[in-house]
Amino acid sequence: MKSKVWFWVSIAAIVLLITSWVGMAFLIVLQPNYDFIEAKNEDLTYYLELPEDNNYLPEFGYVPDAKTAAQIGSAVIDNFFGQKFGGSVTVEYDSVHRLWKVHKGYLLRHGAFVIIEQDTGRIIKALKDK
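The sections below set out a description of the structure shown in this document. (Residues numbered from 1 in each chain as written. Predicted model: local features only at pLDDT ≥ 70, side-chain atom pairs only at ≥ 80, totals over all residues. Heavy atoms only, no water.)

**As for the overall build of the chain**
Turning to step 1, where the next piece is worked out: When its secondary structure is counted, the chain shows two helices and four strands.
Turning to step 2, where the next piece is worked out: The helix and strand sequence of the chain, counted from the amino end, reads α-α-β-β-β-β.
Turning to step 3, where the next piece is worked out: Looking at the 130 residues of the chain, the share that counts as buried comes to 16%.
Turning to step 4, where the next piece is worked out: Within the chain, counting contacts between residues at least 6 apart in sequence, those at least 24 apart form 44% of the total. (Helix = DSSP H or I, 4+ residues; strand = E, 2+ residues; numbered from the N terminus. Buried < 20%, exposed > 50% of the residue type's maximum accessible area, 1.4 Å probe, protein only. Contact = heavy atoms within 4.5 Å.)

Printed below as a string of structure tokens:
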């Protein structure tokens, strides 16, 4: 009786292991692929000359919350290290200056942080941890 139980437990463990490997393979392979498209009008400053009444600026800026700041900061930091995913993200907010500080650290190496303007989404600083 015990040998049958151990047999089924080992089968379940193998199935779980294979399922997790397949899942991780899908996570790695199915990362979004962003293609670079060359601008039709090479002078993009043309768009800066458009009238301001056509410009859309949300009340809370282009980076209105911690989730958006974390996504932007995480993508920038991942680009530093060539990472696809992983790491732990912390977000701090300075309401006086309307700035987000996003820090991302990795398990086996140092991380980095970025400072993002809330209103424009501009990256002000991007530094690696020492």
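**Concerning the sheet that holds strand β2 (residues 99-105)**
Turning to step 1, where the next piece is worked out: Taken together, the four strands give an open sheet; going across it, the order is β1-β2-β3-β4, and neighbouring strands pair in antiparallel fashion. The sheet terminates laterally at β1 (88-94) and β4 (123-128), the two strands that pair on one side only. Each adjacent strand pair in this sheet contributes to an overall mean axis angle of 15°, direction not counted.
Turning to step 2, where the next piece is worked out: Here β2 runs beside strand β3 (residues 112-117); their pairing, made up of six bridges, is antiparallel. Of the residues in β3, the one forming a bridge with H103 is F113. (Pairing = 2+ DSSP bridges. Axes fitted to C-alpha atoms, helices over the stretch in contact; angles between N-to-C directions.)

**With respect to the nonpolar core**
Turning to step 1, where the next piece is worked out: Formed by V63, A69, I77, F81, W100, V102, Y106, A112, V114 and I116, the largest nonpolar core amounts to ten residues.
Turning to step 2, where the next piece is worked out: At the level of elements, α2 (66-81), β2 and β3 are the ones that each hand at least two residues to this core.
Turning to step 3, where the next piece is worked out: Sequence-distant contacts of V63, that is, excluding residues within four places in its chain, are made with T68, A69, I72, W100, I116, E117, Q118 and G121. (Core = buried A, V, L, I, M, F, W, Y, C linked by side-chain atoms within 4.5 Å.)

**Considerations on the packing of aromatic side chains**
Turning to step 1, where the next piece is worked out: All chains considered together, the criterion is met by two aromatic pairs.
Turning to step 2, where the next piece is worked out: Relative to W8, the ring of F7 lies with its centre 5.1 Å away and its plane at 75°, an arrangement referred to as edge-to-face.
Turning to step 3, where the next piece is worked out: Judged by its relative accessible area of 44%, F7 is partly exposed.
Turning to step 4, where the next piece is worked out: Here the aromatic rings of Y93 and W100 are separated by 4.4 Å at their centres, their planes lie at 40°, and the arrangement is tilted.
Turning to step 5, where the next piece is worked out: Judged by relative accessible area, Y93 falls into the partly exposed class, the value being 37%.
Turning to step 6, where the next piece is worked out: A relative accessible area of 7% places W100 in the buried class.
Turning to step 7, where the next piece is worked out: Across the ring face of F113, the terminal group of K101 is positioned such that the distance to the ring centre comes to 5.0 Å.
Turning to step 8, where the next piece is worked out: Just above the ring of F80 sits the side chain of K128; from NZ or CZ to the centre is 5.8 Å. (Phe/Tyr/Trp six-rings, centres within 6.5 Å; stacked < 30°, edge-to-face > 60°. Lys NZ or Arg CZ within 6 Å of the ring centre and 35° of its normal.)

**Comments concerning a nonpolar patch on the surface**
Turning to step 1, where the next piece is worked out: Taken together, the side chains of I14, L17, I18, W21 and V22 define a hydrophobic patch exposed on the protein surface, amounting to about 490 Å² of accessible area.
Turning to step 2, where the next piece is worked out: Following the sequence through the fold, W21 ends up in helix α1 (residues 2-29). (Patch = residues over 30% accessible without salt bridge, like charges linked within 9 Å, V, L, I, M, F, W, Y side chains within 5 Å. Areas by Shrake-Rupley, 256 points an atom, 1.4 Å probe, with all protein chains shown as cover. Salt bridge = Lys/Arg side-chain N within 4 Å of Asp/Glu carboxyl O.)

**Digging into α2**
Turning to step 1, where the next piece is worked out: End to end, α2 covers 22 Å across 16 residues, agreeing with the expected 22 Å (1.5 Å per residue, within 8%).
Turning to step 2, where the next piece is worked out: Of the positions making up α2, those classed as buried are A69, A70, G73, S74, I77, D78 and F81. Along the axis of α2, the buried positions cluster into a sector of 155°, meaning they face one direction only.
Turning to step 3, where the next piece is worked out: The secondary structure elements touched by the buried residues of α2 are β1, β2, β3 and β4.
Turning to step 4, where the next piece is worked out: Following α2 by one or two positions, G82 adopts a phi angle in the positive range, close to 75°. (Expected span 1.5 Å × (residues − 1). Arc of directions from axis to C-beta.)

So, to be careful, I would describe these as geometric facts and stop short of saying anything about function.
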